[in-house]
Amino acid sequence: MALYEHVFLARQDLAQAQVDALAETATKIVEDNNGKVTKVETWGLRSLAYKIAKNRKAHYVQLNIDAPGGVIAELERQTQINEDIIRYMTVKVDELETGPSVMMRKQDRPERGDRGPRGDRGDRGPRGDREGGSRDDRGPRRDREDAPAAE
């Protein structure tokens, strides 16, 4: 059997229990057709890059599936019919990811302010002279030199 990652986006106005029910429905479709769902991840309510069907946010859910291609065709057919799912994507993969996905690991990272000073860049010190000299060596700007004085 082939390995797939199936991600769907559910409407923002659904409760978490309804999103979990959508994931259970998808799991049931796969298992009824002799497939197997190895992992279900709910990524939560996240902002969309652009509005989709008047939604600015969506609940993201990922399923790791081990099933033949016909099962995926049936899953996608049922997903298209469901009005609560605004987008979906299924990708065939060589191997399924064990442990948390990249999206789940992203949430475990510390906040930006917790990284400490400058990350791995270290202290650079002053920039030194650039080509053309420093700012003090420059003459007056032409656009200000000819401009009349403000009254």
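The present account deals with the structure reproduced in this document. (Residues numbered from 1 in each chain as written. Predicted model: local features only at pLDDT ≥ 70, side-chain atom pairs only at ≥ 80, totals over all residues. Heavy atoms only, no water.)

Comments concerning the pairing of strand β3 (residues 55-67)
Consecutive side chains of a regular strand alternate in pointing toward one face of the sheet and then the other.
Here is step 1 of the chain: Counted residue by residue, β3 has eleven buried out of 13 residues, so it is predominantly covered.
Here is step 2 of the chain: In terms of strand pairing, strand β2 (residues 36-52) meets β3 through eleven bridges, oriented antiparallel. For V40, the partnering residue across the bridge sits in β3 and is L63.
Here is step 3 of the chain: What sits between β2 and β3 in their antiparallel hairpin is a turn of two residues, with A53 showing a positive phi close to 50°. (Buried < 20%, exposed > 50% of the residue type's maximum accessible area, 1.4 Å probe, protein only. Helix = DSSP H or I, 4+ residues; strand = E, 2+ residues; numbered from the N terminus. Pairing = 2+ DSSP bridges.)

What to know about the pattern of salt bridges
Here is step 1 of the chain: As enumerated under the stated definition, the model contains five salt bridges in all.
Here is step 2 of the chain: Measuring nitrogen to oxygen at the nearest pair gives 2.9 Å for the salt bridge that ties R11 to D13.
Here is step 3 of the chain: Judged by relative accessible area, which is 23%, R11 ranks as partly exposed.
Here is step 4 of the chain: Take D13: its relative accessible area is 53%, and that puts it in the exposed class.
Here is step 5 of the chain: Where R11 meets D84, a salt bridge forms, and the shortest distance between an N and an O atom there is 2.6 Å. Here the residue R11 occupies a position in strand β1 (residues 2-11), and D84 occupies one in the loop between α2 (69-81) and β4 (85-93), the gap between them amounting to 73 residues.
Here is step 6 of the chain: The class for D84 is partly exposed, based on a relative accessible area of 23%.
Here is step 7 of the chain: Among the charged side chains, a salt-bridge network with shared partners connects R11, D13 and D84. (Salt bridge = Lys/Arg side-chain N within 4 Å of Asp/Glu carboxyl O.)

A few points about the packing of helix α1 (residues 16-32) against α2
Here is step 1 of the chain: With their axes 9 Å apart at the nearest point, α1 and α2 run at an angle of 150° to one another. By the angle between their axes, α1 is roughly antiparallel relative to α2. The handedness of the crossing between α1 and α2 comes out as right-handed. Residues A26, I29 and V30 of α1 lie in contact with α2, whose contacting residues are V71, E74, L75 and Q78.
Here is step 2 of the chain: Each residue belonging to the contact of α1 with α2 can be placed in one class, and the counts come to five nonpolar, one polar and one charged. (Axes fitted to C-alpha atoms, helices over the stretch in contact; angles between N-to-C directions. Parallel < 35°, antiparallel > 145°, perpendicular 65-115°, else oblique. Left-handed = near helix turned anticlockwise from the far one by under 90°. Contact = heavy atoms within 4.5 Å. Nonpolar A, V, L, I, M, F, W, Y, C, P; charged D, E, K, R; others polar.)

Note that every value here comes from positions in space, so none of it alone points to a role or purpose.
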